[in-house]
Every structure is written in structure tokens, then in C-alpha cells.
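Observations on the model geometry
Now for the letters of each chain:
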Amino acid sequence: MLRPPLKLKIYKSIIRPTLLYDAPLMRHLYNTTLAKLQSFQNSLLRQIVIGTTLQRARNRVIREDLQIPSVPEFIGHTHIKFFDGLKACANPLFREISPPPKPGRWQSTVPLVDVLAEGRTSGSAA
């Protein structure tokens, strides 16, 4: 049986990097997807604290005690860190890259007017 500190090291060094590999570019994810990732992280953290006094604690309390940020906090932090690192890069092409704006819940990256205009031209050509 592994002790909780060792389980936490395994989580931080193997599982979290695999789970959130593209975290700097995950800023555009919908809230439902983030909730699923957060739920999976919570279940893993609960497996780490089995047999301790935190076993019946709330997820937020477990994260605070283990000093693990929530998935949206982790993604936001690595997103900012990634694009700040690009600004400090020696290559001028990388310095010009800026983070894409986060679309809203129902906002598409393509304006609806363009989609409607495209549909009219393709429908009239038929």
C-alpha cells in the first residue's frame, strides 16, 4: 500500500502532465468539458486520501490541503505562463504571437453573418 505523499508525487509527476498536456492551449474549452476534467481530478485526489482524515472532506478542502489547483486555475496559470514565455523568446516571430480570445459559451469563432452569407451563395448556385 502506497502512502499518500508518494501517491501525490505520482499524480503530480505522471498523471497530471498526461491529463493536462495541452493546458496552455485549452483555454477555449467549454465549461462542461472543464467540469468533466475537474471531476476526474477530484476522483483521483480522493483515491490519494483514502484512509486519512480527509477521506470524507469536500473536494475543495482536499485540493487546498494537498495544494493542488483546480483544473480551470491550472489551465489559466499555464496559459498565461506559456504566452509570457513566448514574449521573452529570441525569435521575433514567436514574440508576435498573442493568445487567442476566449469565445463565449455560444459564440463561434466564425461570425454568423459569414456563415449565413455563405449558405445563400451556395444555395443560389445550385
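These lines cover the structure that appears in this document, whether it is placed above or below. Just so you know, these numbers come straight off a predicted model, no measurement behind them.

1. Digging into the side chain of Thr78
With respect to the secondary-structure elements, Thr78 resides in helix α4 (residues 71-87). When sequence neighbours within four positions are dropped, the list of residues in contact with Thr78 reads Ala23 and Pro24.

2. Some thoughts on the nonpolar core
Counting residues in each nonpolar core, the largest one holds 11 residues, listed as Leu8, Tyr11, Leu44, Leu45, Ile48, Val49, Leu54, Ala57, Ile62, Leu66 and Ile68. Within the residue set of this core, elements represented by two or more residues are α1 (4-19), α2 (31-48) and α3 (59-66). No other element matches the three residues that α2 contributes to this core. In this structure Ile48 touches Pro4, Lys7, Leu8, Tyr11 and Leu66, once residues within four positions along its chain are discounted. Counting residues in hydrophobic clusters, the runner-up holds nine residues, among them Leu20, Met26, Leu34 and Phe74.

3. Regarding the packing of α2 against α3
It is at 10 Å that the axes of α2 and α3 come closest, and there the two elements cross at 65 degrees. Looking at the two axes, α2 sits roughly perpendicular to α3. The chirality of how α2 crosses α3 is left-handed. On α3, the residues that touch Gln38, Asn42, Leu45, Arg46 and Ile48 of α2 are Asn59, Ile62, Arg63 and Leu66. A class-by-class count of the residues in the contact of α2 with α3 yields four nonpolar, three polar and two charged.

4. Here's the deal with the pattern of salt bridges
Counted by the stated rule, this structure contains one salt bridge. The partner of Glu64 in a salt bridge is Arg60, with the nearest N and O atoms 3.4 Å apart. Of the two residues, Glu64 and Arg60 both sit in helix α3, four residues apart, roughly one turn of that helix. Residue classification places Glu64 among the exposed residues on the basis of a relative accessible area of 51%.

5. Details of unusual backbone geometry
The phi dihedral of Gln67 falls on the positive side, at around 60 degrees, and the residue is not glycine. Tracing the backbone shows Gln67 in the loop between α3 and α4. Overall, Gln67 belongs to the exposed group, its relative accessible area being 66%.

Conventions and cut-offs
- Residues numbered from 1 in each chain as written.
- Predicted model: local features only at pLDDT ≥ 70, side-chain atom pairs only at ≥ 80, totals over all residues.
- Heavy atoms only, no water.
- Helix = DSSP H or I, 4+ residues; strand = E, 2+ residues; numbered from the N terminus.
- Contact = heavy atoms within 4.5 Å.
- Core = buried A, V, L, I, M, F, W, Y, C linked by side-chain atoms within 4.5 Å.
- Buried < 20%, exposed > 50% of the residue type's maximum accessible area, 1.4 Å probe, protein only.
- Axes fitted to C-alpha atoms, helices over the stretch in contact; angles between N-to-C directions.
- Parallel < 35°, antiparallel > 145°, perpendicular 65-115°, else oblique.
- Left-handed = near helix turned anticlockwise from the far one by under 90°.
- Nonpolar A, V, L, I, M, F, W, Y, C, P; charged D, E, K, R; others polar.
- Salt bridge = Lys/Arg side-chain N within 4 Å of Asp/Glu carboxyl O.

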